[in-house]
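One letter stands for each residue in the lines below.
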Amino acid sequence: TNIVYTLAIAPDNRVYLATELLSAANAWAGVATVPPYDASTGITATILGEGLGQSGGTGIVRAILIHPDGRIYAGGEFINTSTGRYVSYFAVYNNVRWEKVSYGVTNNYVYALCYDPTVGGEIFIGGQFASVNNSTWMNKLVRLNGDQFLADFMDVPSGASVRSIVRASGGNLLVGFV
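Residues numbered from 1 in each chain as written. Predicted model: local features only at pLDDT ≥ 70, side-chain atom pairs only at ≥ 80, totals over all residues. Heavy atoms only, no water.

### Remarks on the overall build of the protein
Point 1. On a plain count of helices and strands, the protein comes out with 0 helices and 18 strands.
Point 2. Out of the 178 residues belonging to the protein, those deemed buried represent 47%.
Point 3. In the protein, 37% of the contacts between residues at least 6 apart in sequence involve partners at least 24 apart.
Point 4. When the accessible surface of the protein is summed, it comes to about 8,500 Å², and 50% of that surface belongs to carbon and sulfur atoms. (Helix = DSSP H or I, 4+ residues; strand = E, 2+ residues; numbered from the N terminus. Buried < 20%, exposed > 50% of the residue type's maximum accessible area, 1.4 Å probe, protein only. Contact = heavy atoms within 4.5 Å. Areas by Shrake-Rupley, 256 points an atom, 1.4 Å probe, with all protein chains shown as cover.)

### Regarding the packing of aromatic side chains
Geometrically, a pair of aromatic rings is defined through the distance of the ring centres and the angle of the planes.
Point 1. This model, assessed by the stated rule, comprises 5 aromatic pairs.
Point 2. Judged by centre distance (6.1 Å) and plane angle (75°), the ring pair of tyrosine 109 and tyrosine 111 falls under edge-to-face.
Point 3. Owing to a relative accessible area of 25%, tyrosine 109 belongs among the partly exposed residues under this scheme.
Point 4. In this structure tyrosine 111 comes out as buried when scored by relative accessible area, which is 13%.
Point 5. One aromatic cluster is present, built from ring pairs that chain together Tyr73, Phe90 and Phe149. (Phe/Tyr/Trp six-rings, centres within 6.5 Å; stacked < 30°, edge-to-face > 60°.)

### Here we look at the pairing of strand E7 (residues 72-77)
Point 1. E7 sits mainly inside the fold: 6 of its 6 residues count as buried.
Point 2. Pairing between strand E6 (residues 60-66) and E7: 6 bridges, direction antiparallel. Note on E7: the bridge partner recorded for isoleucine 60 is glutamate 77.
Point 3. Connecting the antiparallel pair E6 and E7 is a turn made up of 5 residues, with glycine 70 showing a positive phi of about 100°.
Point 4. Across 4 bridges, E7 lies against strand E9 (residues 90-93) in antiparallel orientation. Bridged to tyrosine 73 within E9 is valine 92. (Pairing = 2+ DSSP bridges.)

### Re unusual backbone geometry
Point 1. Of note in this structure, tyrosine 89 is not a glycine but carries a positive phi near 70°.
Point 2. Under the relative-accessibility criterion, tyrosine 89 is labelled buried at 12%.
Point 3. Positive phi outside glycine occurs at asparagine 95, with the angle close to 75°.

### Concerning the sheet that holds strand E16 (residues 148-151)
Point 1. Overall, antiparallel pairing links the 4 strands, which are arranged E12-E13-E15-E16 in an open sheet. Looking at which strands have only one partner, the edges of the open sheet turn out to be strand E12 (110-116) and E16. On average, each strand axis in the sheet is inclined to that of its neighbour by 30°, with strand direction left out of account. (Axes fitted to C-alpha atoms, helices over the stretch in contact; angles between N-to-C directions.)

### Brief notes about the pairing of E16
Point 1. Relative to E16, strand E15 (residues 141-145) runs antiparallel, the two sharing 4 bridges. Across the sheet, the residue bridging to leucine 144 is phenylalanine 149, located in E16.
Point 2. Between the antiparallel neighbours E15 and E16 lie 2 residues, among them glycine 146 with a positive phi of about 70°.

### Here's the deal with the nonpolar core
Point 1. Counting residues in each nonpolar core, the largest one holds 18 residues, and the members touching the most others are Tyr73, Phe90, Val110, Leu113, Ile125, Leu144 and Phe149.
Point 2. Going through the elements one at a time, E6, E9, E12, strand E13 (122-127) and E15 are the ones with two or more residues in this core.
Point 3. Residues within four places of valine 110 in sequence aside, it is in contact with Arg62, Gly75, Gly76, Tyr89, Phe90, Val105, Ile125, Gly126, Gly127 and Phe129.
Point 4. Residues Ala18, Leu48, Phe78 and Trp98 belong to the second largest nonpolar core, which totals 16 residues. (Core = buried A, V, L, I, M, F, W, Y, C linked by side-chain atoms within 4.5 Å.)

Pasting the structure below:
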C-alpha cells in the first residue's frame, strides 16, 4: 500500500485501511484489512473484493465506516471497481464485492463518513459532491437511512467541501469543511 488515508477498527480488532495505491502492479485504490497481529505470521494486508478507482485505475479511498451490523462502507475519489462495475464515489461491501448504494453520489468526491446512533443508525456522508440520487438539492452533506438518502439540515458554504464529520457526546454534529 502506498498511502493510507484513514483507519477503522472492527469489533473483532481487525483493522481496515483506506488506501490510494494497492501495489505498483495493481494501481487501484481499495480497502485493505489487516487481521489482529500474530507474532508468528507478522502482518499481512488483504484487499476486500476488487479495487476501487477511476477509468485507468487511479483513485483514492478517503473514508471508511464499519457499521455496527457489519457492513463496510467506502467513500472517496473512485467511480468504478477494477472489474468495471459502476459504484459512484460511495460503495458498500457485501462480503464478496463492492456495490453502489442506492442511486449513488454523483459529480464529485466523498471525503467523510460518520455513523450516528442518535438518529436510528443513520450514516452521514460528506464531500464535494453536487448531487445524490440525481437530486441537486442534496449536496455536500447527506444522511443515509437504510438505502434511502435524506437531505441534511446543515448548509455548507458555497464552494466548500465537507472533510470531516463527528457526532459529539452532547449530541451536536460537528462538521469540518474547507
